[in-house]
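Chain by chain, the residues run as shown.
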Amino acid sequence: METNETQVLMKTSLGNIKLKLYNETPQHRDNFIKLVKEGTYNGLLFHRVIKDFMIQGGDVTSKDAPMNKQLGAGDLGYTVPAEFVYPKYFHKKGALSAARTSDEVNPERESSASQFYIVTGKVYSDSELAQMEKQKEGRLKQSIFARLQKENAAKIKAAYQSGDKAELAIIRDTLVGKTELEAEKRKEEAKLTPEQREAYKTIGGVPFLDNEYTVYGEVVEGLDVVDAIQNVKTNRQDRPLENVVIESVEII
């Protein structure tokens, strides 16, 4: 039987946000609980706020940070392995997700130890969602082709070095064919579920972040506070001009 989900109360200078942490992302859940119990988040800022996108906090250097201090890089020196539970958990409005460094330096998509964001996003139309599915299908094909190229790197290199253009063309056509076949078998991965579609059309969210960042919880009360935070005025670095402070976080 599913045990109850842990709930936390985040008190901010603009009001309270109640969050639940998913049991299916145990490493993120346990890490967040550990940081809450250690008081790591108390006094930190929502240092990055982008309207119709998300509000981000958890930079451990943001406590009492002067306005000219560059924020966003403060962390705890370790990462949490990615835990994608997709498509069950996705970037709907109110989703609690882990920030991370980019794919170039972090191909495993491991999460920041302390930095998190809460999704605000926007509402999408059917045609916009259909367009996104098309783009997703394109990205799926690109990733399959890149993997196949890597697997056949030795063969490609040999044909290239010997100047055998005919062989190179054959290899390329073969990889394109294999890519199309695999993409056809995996086409459901590029489709939105009815739950996603409904959420993105009604409450909104950020669909293009799905399967890219770990979603490990969601807001259960206080979306109005999340909205109040996303509507604050910010500077060019997306930092609120008046500090939005995480006063305390506690397990409830």
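Per an unreviewed UniProt entry, the chain carries the name Peptidyl-prolyl cis-trans isomerase and comes from Parabacteroides segnis. Note on the chain: under the UniProt heading Catalytic activity (unreviewed entry), the record states "[protein]-peptidylproline (omega=180) = [protein]-peptidylproline (omega=0)".

Trainee: Could you give an account of the environment of Pro26, naming the residues involved and the relevant values?
Mentor: Mapping Pro26 onto the fold places it in helix 1 (residues 26–38). In sequence terms Pro26 and Pro107 are 81 residues apart; their C-alpha atoms lie 21 Å from each other.

Trainee: Let's hear about the nonpolar core: which residues, and what values?
Mentor: Ranked by internal contacts, the top residues of the largest apolar core, which has 26 residues, are Met10, Ile17, Phe32, Tyr41, Phe46, Phe116 and Ile118. Take this core: its biggest share by element is four residues, from helix 1. With near-sequence residues (within four places) excluded, Ile118 lies in contact with Ile17, Leu19, Met54, Ile55, Gly94, Ala95, Leu96, Val219 and Val226. Counting residues in each nonpolar core, the second largest holds eleven residues, with Phe53, Met54, Tyr89 and Ala95 among its members.

Trainee: So what's going on with empty space enclosed by the protein? Which residues, and what values?
Mentor: A complete count under the given rule lists two cavities of 30 Å³ or more for this structure. Sorting the residues of the lining of the largest cavity by element identifies helix 1 and strand 7 (111–112) as the ones contributing at least two each. Take the lining of the largest cavity: its biggest share by element is three residues, from helix 1. Of the residues contributing to the lining of the largest cavity, the split by class is six nonpolar, six polar and no charged.

Trainee: Can you break down the UniProt feature "domain: PPIase cyclophilin-type" (unreviewed entry) in the chain residue by residue, with the values?
Mentor: Summarizing the sequence annotation, UniProt attributes the feature "domain: PPIase cyclophilin-type" (unreviewed entry) to residues 12–251 in the numbering used throughout. Secondary structure within residues 12–251 divides into 36% helix and 18% strand; the distance between the first and last C-alpha atoms comes to 15 Å.

What counts and what doesn't
- Residues numbered from 1 in each chain as written.
- Predicted model: local features only at pLDDT ≥ 70, side-chain atom pairs only at ≥ 80, totals over all residues.
- Heavy atoms only, no water.
- UniProt positions renumbered as here; feature names shortened; annotations may be inferred.
- Helix = DSSP H or I, 4+ residues; strand = E, 2+ residues; numbered from the N terminus.
- Core = buried A, V, L, I, M, F, W, Y, C linked by side-chain atoms within 4.5 Å.
- Buried < 20%, exposed > 50% of the residue type's maximum accessible area, 1.4 Å probe, protein only.
- Contact = heavy atoms within 4.5 Å.
- 1 Å grid on protein atoms, 1.4 Å probe; cavity = no way out; pocket = protein on both sides within 12 Å on 5 of 7 lines; lining within 4 Å.
- Points joined across faces, edges and corners; volume = space filled by probe spheres on them.
- Nonpolar A, V, L, I, M, F, W, Y, C, P; charged D, E, K, R; others polar.

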